[in-house]
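Below are the chains, spelled out letter by letter.
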Amino acid sequence: MDSANPLGRFLRARREMTSPSRAGQPWSGRRRTPGLRREEVAQLSGVSTDYYTRLEQGRERRPSAQVVDALARAFGLNPEETAHLHRLARTARGPVRRGGDRTVGPSLLRLMDGWHHTPALILDRRLDVLAGNRLGRALFARMLDQGETNLVRFTFLSPDARDFYPDWERVARSGLAALRAGGGDLTEDPRLTELVGELSLKSQEFRSLWARHDVRGKAHEAKSFHHHQVGELTLTYDSFTVDSATDQQLVVYQAEPGSASRQALALLGTLAADLPDLPPVPLGDSVREN
């Protein structure tokens, strides 16, 4: 998870992806490297080139909040990317944060299983599926039946993923941006390190997209699916933080009323009716008692 120098790696990726014209820099002929030069970032941020270079190289790990904000403005970062940059800066000089509670409260599971028309999942910050209601487990049955519980690993390593996600590239980019957003300060989390290491080793596409350092948490998005039992669906999801376990998020999918996707979802609900109210063993590690 870029644990040796997460801040520097992010800065370099953003620098290489920021065009001079976007940053208001005059054109000066052919460039040997993409994006901005270090001295241009330093000038835009109001710091010395030596100081910025030391930030990228990991030789300076204590930038002030004002410097971080200046760098965010230089790169044209949006609020979510800026918040991620601040987290990385704090991580570089603060205690290592590890992943939170992976157990899911039984009251939340009961609530989810009462939703008969909306697939719902509980995800952790690594995009591991910790639990799901009947319809959620039915929607992602192709993945779960393979014994896979991580959405990103399924996307990049399963042969079924490109059929399940008709717009595979957009899903892949979105998933990695959400993984960056959720795991940005889990710099030495063993589960996340193992996941990124495995995918980097096995997937060239993962390595290329991961190097972009895109950041965007799961919030609200329309997504297309090709389900092996009910065919095409277009669903919109919304994501909510679980206040009792802030490292978890509840993701709820809905279909437009009266749409073909709504009909397909109703059929899927019928097919899923025989699934148990709660999974015999939660998809994550365990269910905590009251």
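Residues numbered from 1 in each chain as written. Predicted model: local features only at pLDDT ≥ 70, side-chain atom pairs only at ≥ 80, totals over all residues. Heavy atoms only, no water.

A.B. asks: Break down the packing of helix α1 (residues 6–17) against helix α3 (residues 49–57) for me, citing the residues and quoting the values.
C.D. replies: Think of two packed helices as two axes; the pair is described by the angle between the axes and how far apart they sit. For the pair α1 and α3, the least separation of the axes is 6 Å and the interaxial angle reads 115°. Contacts between α1 and α3 involve Leu-7, Gly-8, Leu-11, Arg-12 and Arg-15 from the former and Tyr-52, Leu-55 and Glu-56 from the latter. (Axes fitted to C-alpha atoms, helices over the stretch in contact; angles between N-to-C directions. Helix = DSSP H or I, 4+ residues; strand = E, 2+ residues; numbered from the N terminus. Contact = heavy atoms within 4.5 Å.)

A.B. asks: Please set out helix α12 (residues 190–202) residue by residue, giving values where relevant.
C.D. replies: Its 13 residues give α12 an end-to-end C-alpha distance of 18 Å, which sits within 8% of 18 Å, the value for a rise of 1.5 Å per residue. Listed in full, the buried residues belonging to α12 are Leu-192, Leu-195, Val-196 and Leu-199. Taken end-on, α12 shows its buried residues confined to a sector of 90°, consistent with a single buried face. Turned more than 90 degrees away from the buried face of α12 sit Pro-190, Glu-194, Leu-201 and Lys-202, all of them exposed. Next to the buried residues of α12 lie α9 (151–157), α11 (168–183) and α13 (204–210). (Expected span 1.5 Å × (residues − 1). Buried < 20%, exposed > 50% of the residue type's maximum accessible area, 1.4 Å probe, protein only. Arc of directions from axis to C-beta.)

A.B. asks: So what's going on with the pattern of salt bridges? Which residues, and what values?
C.D. replies: Between side chains of opposite charge, pairing is possible as soon as their charged atoms come close. Per the counting criterion, the structure on display carries 20 salt bridges. We note a salt bridge from Glu-56 to Arg-15, for which the minimum N-O separation is 2.6 Å. With Glu-56 in helix α3 and Arg-15 in helix α1, this residue pair connects regions lying 41 residues apart in the sequence. Its relative accessible area of 6% is what places Glu-56 among the buried residues. Each of Arg-14, Glu-81, Arg-212 and Asp-214 takes part in one network of salt bridges that share partners. (Salt bridge = Lys/Arg side-chain N within 4 Å of Asp/Glu carboxyl O.)

A.B. asks: Break down the sheet that holds strand β1 (residues 120–124) for me, citing the residues and quoting the values.
C.D. replies: Whether parallel or antiparallel, the strands of a sheet pair through hydrogen bonds between backbone atoms. Pairing within the open sheet is antiparallel, and its five strands lie in the order β2-β1-β5-β4-β3. Pairing within the sheet leaves two strands with one partner each, and these edge strands are β2 (129–132) and β3 (220–227). Adjacent strand axes in the sheet meet at a mean angle of 30°, parallel and antiparallel pairs treated alike. Where α11 meets the sheet, its contacts fall on β3 and β4 (231–241), and the angle it forms with β3 comes to roughly 130°. (Pairing = 2+ DSSP bridges.)

A.B. asks: How would you summarise the side chain of Thr-82 if you had to cite specific residues and measurements?
C.D. replies: Relative to the elements of secondary structure, Thr-82 occurs in helix α5 (residues 79–93). Since its relative accessible area comes to 15%, Thr-82 is described here as buried. Those residues in contact with Thr-82 that lie beyond four places of it in its chain are Asp-69, Ala-72 and Leu-77.

A.B. asks: Tell me about the packing of aromatic side chains, and please be specific about residues and values.
C.D. replies: Taken as a whole and judged by the stated rule, the model has 13 aromatic pairs. Ring centres of Phe-140 and Phe-225 lie 5.9 Å apart, and the angle between their planes is 85°; this geometry places the pair in the edge-to-face category. Of this pair, Phe-140 sits in the loop between α7 (134–139) and α8 (141–144) while Phe-225 sits in strand β3, placing them 85 residues apart in sequence. Neither Phe-140 nor Phe-225 differs from the other in exposure class; each is buried. By the ring-pair criterion, three or more aromatic residues cluster together here, those being Phe-140, Phe-154, Phe-164, Tyr-165, Phe-225, Tyr-237 and Tyr-253. We note Arg-162 situated over the ring of Trp-168; from NZ or CZ to the ring centre the distance is 3.8 Å. When the ring centre of Trp-210 is taken as origin, the NZ or CZ atom of Arg-180, which lies over that ring, is 3.7 Å away. (Phe/Tyr/Trp six-rings, centres within 6.5 Å; stacked < 30°, edge-to-face > 60°. Lys NZ or Arg CZ within 6 Å of the ring centre and 35° of its normal.)

A.B. asks: Report on the nonpolar core, specifying residues and quantitative values.
C.D. replies: Counting 42 residues, the largest nonpolar core has Phe-140, Phe-156, Phe-225 and Tyr-253 as the members making the most contacts within it. In terms of residue count, the dominant contributor to this core is α11 (six residues). Dropping the residues within four chain positions of it, Phe-140 is found in contact with Leu-121, Leu-151, Phe-164, Tyr-165, Phe-225 and Tyr-253. Grouped together as the second largest cluster of nonpolar side chains are 21 residues, Phe-10, Val-68, Leu-85 and Leu-88 included. (Core = buried A, V, L, I, M, F, W, Y, C linked by side-chain atoms within 4.5 Å.)

A.B. asks: Any chance you could break down the pairing of β1 for me, citing the residues and the numbers?
C.D. replies: Among the five residues in β1, five count as buried, and that is most of the element. Of the two faces of β1, the one holding Ala-120, Ile-122 and Asp-124 and the one holding Leu-121 and Leu-123 are both buried throughout. One ladder, built from three bridges, connects β1 with β2; its direction is antiparallel. Across the sheet, residue Ile-122 finds its bridge partner in β2, namely Ala-131. Count of turn residues in the β1/β2 antiparallel hairpin: four residues, of which Leu-127 carries a positive phi of about 65°.

A.B. asks: Which residues make up the environment of Ala-89, and what values do they have?
C.D. replies: If you trace the backbone, Ala-89 turns up in helix α5. Counting along the chain gives 34 residues from Ala-89 to Leu-55, while the straight-line C-alpha distance between them is 9.8 Å. For Ala-89, the contacting residues outside a window of four places in its chain are Leu-7, Arg-61, Pro-63 and Val-68.

A.B. asks: Can you tell me about the packing of α3 against helix α4 (residues 65–75), naming the residues and giving the values?
C.D. replies: Remark: α3 packs on α4, axes separated minimally by 13 Å, with the N-to-C direction vectors making an angle of 90°. On the basis of the axis angle, α3 is roughly perpendicular to α4. In this structure, α3 uses Tyr-51, Tyr-52 and Leu-55 to contact α4, whose residues at the interface are Val-67, Leu-71 and Phe-75. Of the residues in the contact of α3 with α4, the class split is six nonpolar, no polar and no charged. (Parallel < 35°, antiparallel > 145°, perpendicular 65-115°, else oblique. Nonpolar A, V, L, I, M, F, W, Y, C, P; charged D, E, K, R; others polar.)

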